[in-house]
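# Reading the structure
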Amino acid sequence: MTEPTVEAFAASARDWLAANMPRLDPQHPPRNGRDDDGAWQRARELQRRLYDGGFAGICFPREYGGLGLDLSYQKAFDAASAGYEMPLILNVPTFTICCATLLDTGSAEQKRRHISAALRGDEVLVQLLSEPSGGSDLAGLITRAERDGDDWVVSGAKTWSTSAFAADFGLLLARTDSTVPKHDGLTMFLVPVDAPGVTLRRIEQVDGSNEFCEEFFDGLRLGPDTVVGEVNKGWDVASRLLYHERRAVGQGSEFASGRGPERTEMAAGDFLTLAQDAGTADDPLTQDQIGRVLARRMVRDKLIDYAGRGMRSGELPPAAASIIRLFHSDVTYLEVDTAMAVAGPLGVVEDEAHLLRAGRRYLSRQTVGLGGGSDEMARNVIAERVLGLPREYAADRGVPFNQVRHNRL
Amino acid sequence: MTDVSTESELFVATARAFLDKTAALSDHRDLHARGGSYDAAWWRQAADLGWTGLLVPEDLGGGSVSGCGLRDLAAIATEIGHTVAPGPLYPVSVVLAGLVDADNSDAHARSIAALIAGETVATWAADEPGRGFRPHQPGLTATSIAGGYRLNGVKDRVEAGDRADLVLIAARTDDGAPLQFLVRTDSTGIQVTPQPGIDLVKQYARIEFTDTEIDASAVVGTTAQTGALIDRQTQIAIVLVCAETVGILDAVMAMTVAWARDRYSFGRPLASYQAIKHRLADMTMWLHACRAITAGAVDKVAARDPDAAMWAGAAKSYLGEHAGRLIQECVQLHGGIGVTWEHDLHLYLRRATLYRNLFGTPAEHHQAIYAAANSTEPAA
């Protein structure tokens, strides 16, 4: 079967979208909060429509339920889908991180089953990586998976799992050998989130949202077919996952479908409206500040294109994804700070202008610099793997994990 | 198609070799001490290498290497930035961009040919004293007289103003509408005064017009076209100074990373300290962002995209806010040597600082972007 031209594909996408997908109404934004169960149900339904219409998984291989087309088709589809309600919350982490990692490292059976299920809207996948005991030192995790016959039994805890409450499966990284240095004793598993032995708790954040979760594992039993990649080669899988995560967080993944802000307060024209609501639209200082935000977003868009091209052509190393990741923080800080500055007193005490949201958003400003690997980790990656500067000293390098010093608490 | 990229690479490599041989960074201080900038024979050689014809259509004697003349020209500007070479690349390019777009470009065919040959140097006088970059609102007046116009007013911050044979100006005509003219700088009633500037080898001048009478043939384009011509000239100027700035940032970054690797303190290389690595990581991010937005703006301007002005403005403001910051970080990471006359960093800092505040400051561009977004984005 020959591929359609990008133009023909875009034209058929436009026709199909018009006939099948709900149009966005700026007055009535759809439910898209990541902490909203209804939003997840809605996203699954919309994804199913995309799948049935032949527009799901544009860059995923055909054998796993995708279309096997290149990025130019995805971009054409993204442009066509502007103005329609899209299941954007499935992009991260389900498609851009979890499915992308399975595609690189999963067994044929895992790919066939889970990628296609996700593309049909039947499965939501999440990452179960971070632990309460440590943040950036991911490979120092202490959740254990111990052999019991052919099975594995998991005990420990994970945290900061985005949207795990809404998920069916999670990619869980656990220690399977503590007698070797930390990177060499890890294994990645694909686990059902609702299995016996898993207790899930939602974490409440300062802005009142609770999209993140904490999971406790006590006697969770997993079969050998749940191992992703090889036993004790979990760090290889995690490295691919982190690579996809950096690209996804920086909005540079070909596996994301649809574009546009997930958060309604980041919609186009948001800052112009903000200035009008704050009554400062004619103030040159406000115009300077908002113009800077608009310019910075344009720079971000070009940086994503440029770095993406550079990584595909090999001119930039894969670690350059961290540049996009760090710039994402840079743009977000500027947006949040500018909104706070423009809102002024209206951002801290509510009145008819309803700008208290700018102040609330400011309270969780740092989430962008912490998720998907912290800003500091991104800087380490850029310094060490883009510039090739000397690596940081690590006291646990080459030391069997059970001899490494851990938290005193 | 592979031939095209090979030809482009050859074109850039030839420019690099020429610059290294004839305009080395090590010559800057001498050139400055002699009060020099560039010499005419050198510019003719540069013209022979094809730098001047890139924005000119083939039927007017120009031609590009890759099929996109502006991209080729931006690549030359980046090479110039690597060694902050002197030379009237952007003034000549901007004037040519205006002339070839003008409805009466045929009437200026001889000037265009002489500019391509490097025999004549032209410059664009966009600014006037005591105000920001407002090229669309000249205070200079052009009063109609028999067979031509009489000019009165002052332009300043004109690159190579005291070296150029021709100057492109905008002036208010009798009905108040701006119109552009290409004027010989040796005309009666023109006085050129050098203005000290921050760069060691780029020279700027003030040009005063006092009852300067010019022939009607000096008119460039029509009144109806003038706004679009000035927009185009502005965009070309902006993307070229941005492309040159990218070359500057490339050079200072490479210099600083090498220094941080080779310089040892407390028995270890500077580049092994996380405090230093993190700063170099931020600088790397700025560098790539500067490259990306500049390349993006070049493409938009080359394609004459309806939003080209906004993209050029985004590039100019981003580079304006980050190039100086990046170079100052390089100075800091070099330590005391970084603030000495003998070290090359200040040569780069001078050029980047010069460009930051010409053709619109970051704040001016931010406001323009705000205004453009406000006029196209319906308020929710």
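In this text the structure is predicted, and so the values were computed from the model without any measurement.

## Some details on the overall build of chain A
A count of helical and extended segments in chain A gives 12 helices and eight strands. Taken over the C-alpha trace, chain A has a radius of gyration of 22 Å; the compact-globule value for 409 residues is 22 Å, and the two agree within 12%. Along the three orthogonal principal directions, the C-alpha set of chain A runs to about 70 × 55 × 45 Å. Across the 409 residues of chain A, 54% fall into the buried class. Residue pairs at least 24 apart in sequence account for 74% of intrachain contacts in chain A once pairs closer than 6 positions are excluded. Averaged over its 46 positive side-chain charges, chain A has a centre that lies 3 Å from the centre of its 59 negative ones.

## Things to note about the packing of aromatic side chains
Considering all chains together, one arrives at 19 aromatic pairs over all chains under this definition. Judged by centre distance (5.6 Å) and plane angle (65°), the rings of tryptophan 152 of chain A and phenylalanine 189 of chain A are edge-to-face. Linking tryptophan 152 of chain A in strand S3 (residues 151–162) with phenylalanine 189 of chain A in strand S5 (residues 186–192), this pair joins segments that are 37 residues apart in sequence. Each member of the pair tryptophan 152 of chain A and phenylalanine 189 of chain A is classed as buried. Ring geometry for tyrosine 149 of chain B and phenylalanine 181 of chain B: centres 4.9 Å apart, planes at 65°, overall edge-to-face. One end of the pair, tyrosine 149 of chain B, is in strand S3 (residues 148–159); the other, phenylalanine 181 of chain B, is in strand S5 (residues 178–184), and 32 residues separate them in sequence. When its relative accessible area of 0% is taken as the criterion, phenylalanine 181 of chain B is described as buried. An aromatic cluster of three or more residues is present, and its members are Phe9, Trp16, Phe55, Tyr73 and Phe77 of chain A. Seen from the ring of phenylalanine 165 of chain A, arginine 202 of chain A lies directly overhead, with NZ or CZ sitting 3.6 Å from the centre. Between the NZ or CZ atom of lysine 302 of chain A and the centre of the ring of tryptophan 311 of chain B, over which it lies, the distance is 4.9 Å.

## Some words on the interface of chain B and chain A
Listed by partner, the interface residues are 37 residues for chain B and 39 residues for chain A. Approximately 3,400 Å² of surface area, both sides summed, lies buried where chain B meets chain A, with 68% of it carried by carbon and sulfur atoms. In terms of surface lost to chain A, no three residues of chain B exceed Lys277, Met285 and Tyr370 of chain B, which account for 21% of the buried area on that side. Taken together, the connections running from chain B to chain A amount to five salt bridges. Of the charged contacts in the structure, one is a salt bridge between aspartate 282 of chain B and arginine 379 of chain A, with a shortest N-O distance of 2.8 Å.

Basis of the calculations
Residues numbered from 1 in each chain as written. Chains lettered and ligands numbered in written order. Predicted model: local features only at pLDDT ≥ 70, side-chain atom pairs only at ≥ 80, totals over all residues. Heavy atoms only, no water. Helix = DSSP H or I, 4+ residues; strand = E, 2+ residues; numbered from the N terminus. Rg over C-alpha atoms; globule rule 2.2 N^0.38 Å. Buried < 20%, exposed > 50% of the residue type's maximum accessible area, 1.4 Å probe, protein only. Contact = heavy atoms within 4.5 Å. Lys, Arg positive; Asp, Glu negative; His and termini not counted. Charge placed at Lys NZ, Arg CZ, Asp CG, Glu CD. Phe/Tyr/Trp six-rings, centres within 6.5 Å; stacked < 30°, edge-to-face > 60°. Lys NZ or Arg CZ within 6 Å of the ring centre and 35° of its normal. Buried area = accessible area lost by both parts, 1.4 Å probe. Salt bridge = Lys/Arg side-chain N within 4 Å of Asp/Glu carboxyl O.

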